[in-house]
Amino acid sequence: MGKTTGFLEYQRLSEAAEEPKKRLKHWREFVLHLTEDEARQQGARCMDCGIPFCNNACPVNNIIPDWNDLVYRNRWREALDVLHLTNNFPEFTGRICPAPCEAGCTLNINDDAVGIKSIEHAIIDRGWAEGWVEPQRATHKTGKKVAVVGSGPAGMACAQQLARAGHAVTLFEKNDRIGGLLRYGIPDFKLEKQQIDRRVAQMQDEGVTFQTSTYIGDTEAGEAYAATLNHALTIKTPKELEDEFDAVVITGGAETPRDLPLPGRELAGVHFAMDFLRQQNKVVAGDRLKDQISAAGKHVLVIGGGDTGSDCVGTSNRHGAKSVTQLELMPQPPESENKPLTWPYWPTRLRTSSSHEEGCDRDWAVTTKSFVGKNGKVEKVIAARVEWVRDDATGQMKLQEVEGSEFEIKADLVLFAMGFVSPVQKVLDAFGVERDNRGNARANTDDYRTNVDKIFAAGDVRRGQSLVVWAIREGRQAARAVDEFLMGASELPR
Ligand SMILES: Cc1cc2nc3c(=O)[nH]c(=O)nc-3n(C[C@H](O)[C@H](O)[C@H](O)COP(=O)(O)OP(=O)(O)OC[C@H]3O[C@@H](n4cnc5c(N)ncnc54)[C@H](O)[C@@H]3O)c2cc1C
Ligand code: SF4
């Protein structure tokens, strides 16, 4: 334990951030990691509980009390080594993880949790700055070849672990750049893309081969996808991969967005959030787009209250939107949780993101009924209030429209951010992989194997839309399962 009385002496400290007015003028990250002294003091707040609930609450089981203590003692390099034992990419999670570990922190019962994520952020940023993050090249090669399909956090973690175990890994990606939703979903102001680029360089040094602009699936679906692009695309069938590789891991994410097929859906100005966000990330990367969806000077309505919706809010404000409104179907959650009831689990409570702080009207318990426009362009949205009532027939609670509550919202850009329903089914069809009842690839978390010989699945494609930290966990665990499958045993961690 760092300092026995640390939790009594020091308050939790939030990371500093550039003020909204200034940060809205650019696309860069605006959160500053803690200084060394601040991080040491925050590490001193850790009580090194006998049973560290934070460790269990973290999906990659980060060994949190140990690195808190090491930071407090100024042993940063060792803290970085401990951090890397369980997490390939702490610079991603240190920036964008919602930090379920902090909900589980024992100090959170009657005080503010230890600032675990901010300490993680400080450790890895110092590690990169000092040049401590080095390639870990395998000492021997196994002669086995593995294909990983999809380069989000699950695919990257899986590929890195397998390369370190000595396998020849090729990571296939249909996009023109590596990173999955880290690259083309999450905006630069939350995660600058050089964070991905330097990991890609490290992985190349460790022997991973990257093949971007390569679609894996049947030829017809690949050609249809190619028609939507302005760059060349290579198409490879699952059969080609199976012939060439000893194992294939599908980490293609859950890319089918939830739609709202309501009257007026066809109007110009009604878009999926991902189309809007992807385009902006491409522009920040230096690409030129012909018809970028712009929020400049518009009344923007974001439908859906999660991370994706919040990223649309931040992006719209940076474009210079006239107004931004965000609707959520569910009722407004309480400002703070009832900790004795919720600890150490992730509580439902009102969450205000940095994008919300930059300017946004939020409304809850609202359903959308139709989109109305003129000359083919959306101008307003008809919405209504909803409430939870008990269904007499089934006894279950259901959402019901409040009679006479209909209202209009002015909107010339509408963005759907209601989540993702499943992976793209055509890709799973092409592999012949069975689905669970939600349309995800069916595979368990013991061996990550699908019904098809030597085909594995991990990340959002297997568990449904989730979080970066869960994708990293699944990528790591699937790598171990593949290593065991190929070699009969594995020394990779689970
Ligand atoms: C806008 C947005 C914001 C988010 N913000 C956060 C956040 O702040 N914190 C957080 O923890 N999580 C966040 N998430 C969720 C998180 O990004 C995902 O859970 C995570 O990226 C899933 O990782 P993955 O590797 O399984 O899949 P993905 O990141 O989706 O990557 C899958 C990759 O596979 C590729 N692919 C798919 N099919 C094929 C094919 N047939 N051939 C070749 N390549 C293929 C795709 O192009 C993609 O690059 C956010 C999600 C979105 C959409
Ligand atoms: S990865 Fe997420 S859950 Fe794990 S320690 Fe970091 S912030 Fe906490």
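Predicted model, so just to flag it, every value in this text is computed and none were measured.

Colleague: Just checking my understanding: could you explain the domain arrangement of the protein chain for this structure?
Modeller: Where interface size is given, it is often the accessible area lost as the parts come together that is meant. With domains assigned, the protein chain is organised as domain 1 (6–130), domain 2 (145–255 + 421–487) and domain 3 (259–418). Computed from C-alpha atoms alone, the centre-to-centre distance between domain 1 and domain 3 is 31 Å. Contacts between the two partners involve 17 residues from domain 1 and, on the opposite side, 16 residues from domain 3. At the boundary of domain 1 with domain 3, total buried surface from both sides reaches about 1400 Å², with 66% on carbon and sulfur atoms. The tally of links between domain 1 and domain 3 comes to 2 salt bridges. When the shortest N-O distance is used, the salt bridge between Glu357 and Arg23 registers 3.8 Å. In this assembly, domain 1 and domain 3 are joined by 7 residue pairs in polar contact (both at pLDDT 80 or more).

Colleague: Help me understand the packing of aromatic side chains in this model?
Modeller: Remark: the centre distance and the inter-plane angle together describe each pair of aromatic rings, the angle taken between the planes. By the definition in use, this model includes 8 aromatic pairs. Taken together, a centroid distance of 6.1 Å and an interplanar angle of 75° make the contact between Phe272 and Phe416 edge-to-face. A residue pair is termed long-range when its members are at least 10 positions apart, and Phe272 in strand S10 (residues 270–272) and Phe416 in strand S18 (residues 413–416) qualify at 144 residues. Taken as a pair, Phe272 and Phe416 share a single burial class, namely buried.

Colleague: How do you make sense of the sheet that holds strand S3 (residues 145–149) when you look at a structure like this?
Modeller: Sheet strands pair by backbone hydrogen bonding; their relative direction is either parallel or antiparallel. Strand order in the open sheet formed by 5 strands is S5-S4-S3-S8-S20, with parallel pairing between adjacent strands. Every other strand in the sheet has two partners, leaving strand S5 (209–211) and strand S20 (455–457) as the edge strands with one partner each. Averaged over neighbouring strand pairs, the angle between their axes works out to 20° when direction is ignored. Contacts from helix H21 (residues 468–487) reach S3, strand S8 (247–250) and S20 within the one sheet, and its direction differs from that of S8 by about 165°.

Colleague: Help me understand the side chain of Arg476, please; the structure alone is not making it clear to me.
Modeller: Mapped onto the elements of the fold, Arg476 is located in helix H21. In this structure, Arg476 is buried with no salt-bridge partner, the nearest side chain bearing the opposite charge being Glu206 at 10 Å. Residues within four places of Arg476 in sequence aside, it is in contact with Leu85, Thr86, Asn87, Asn88, Ala157, Gln161 and Pro493.

Colleague: What is the right way to read empty space enclosed by the protein from this model?
Modeller: In this approach the atoms are scanned with a rolling probe the size of a water molecule, which exposes any empty space left behind. What the rule picks out here adds up to 3 cavities of 30 Å³ or more. Size it by volume and the largest cavity reaches roughly 100 Å³. In terms of lining residues, the largest cavity is bounded by 16 residues, among which Cys46, Cys49, Cys54, Cys105 and Thr106 are the most central. Of all the secondary-structure elements, those providing two or more residues to the lining of the largest cavity are helix H4 (53–57) and helix H5 (64–72). When residues of the lining of the largest cavity are assigned to their parent elements, the largest contribution, 3 residues, is made by H5. Residue composition of the lining of the largest cavity, by class: 12 nonpolar, 3 polar and 1 charged. Approximately 80 Å³ is the volume found for the second largest cavity. Considering the residues around the second largest cavity, the lining is formed by 14 residues, among which Cys58, Asn62, Cys97, Cys101 and Glu120 are closest to the centre. Of all the elements in the fold, those that place two or more residues in the lining of the second largest cavity are H5, helix H8 (100–104) and helix H9 (116–130). Looking at which element gives the most residues to the lining of the second largest cavity, the answer is H9, with 3 residues. In the lining of the second largest cavity, the residues fall into 10 nonpolar, 2 polar and 2 charged.

Colleague: Any chance you could explain the sheet that holds strand S13 (residues 361–363) here in plain terms?
Modeller: Spatially, 5 strands are ordered S10-S18-S11-S12-S13 in an open sheet, and the strand pairing comes out parallel. The open sheet is flanked by S10 and S13, the only strands paired with a single partner. Shown here is a sheet whose adjacent strand axes are inclined to one another by a mean of 20°, direction ignored. As judged from the 4 bridges shared by strand S11 (residues 299–303) and S18, these two strands associate in the parallel manner.

Rules of the game
- Residues numbered from 1 in each chain as written.
- Chains lettered and ligands numbered in written order.
- Predicted model: local features only at pLDDT ≥ 70, side-chain atom pairs only at ≥ 80, totals over all residues.
- Heavy atoms only, no water.
- Domains from an automatic or database assignment.
- Contact = heavy atoms within 4.5 Å.
- Buried area = accessible area lost by both parts, 1.4 Å probe.
- Salt bridge = Lys/Arg side-chain N within 4 Å of Asp/Glu carboxyl O.
- Polar contact = N/O pair within 3.5 Å; in protein donor to acceptor, adjacent residues only side chain to side chain.
- Phe/Tyr/Trp six-rings, centres within 6.5 Å; stacked < 30°, edge-to-face > 60°.
- Helix = DSSP H or I, 4+ residues; strand = E, 2+ residues; numbered from the N terminus.
- Buried < 20%, exposed > 50% of the residue type's maximum accessible area, 1.4 Å probe, protein only.
- Pairing = 2+ DSSP bridges.
- Axes fitted to C-alpha atoms, helices over the stretch in contact; angles between N-to-C directions.
- Lys, Arg positive; Asp, Glu negative; His and termini not counted.
- 1 Å grid on protein atoms, 1.4 Å probe; cavity = no way out; pocket = protein on both sides within 12 Å on 5 of 7 lines; lining within 4 Å.
- Points joined across faces, edges and corners; volume = space filled by probe spheres on them.
- Nonpolar A, V, L, I, M, F, W, Y, C, P; charged D, E, K, R; others polar.

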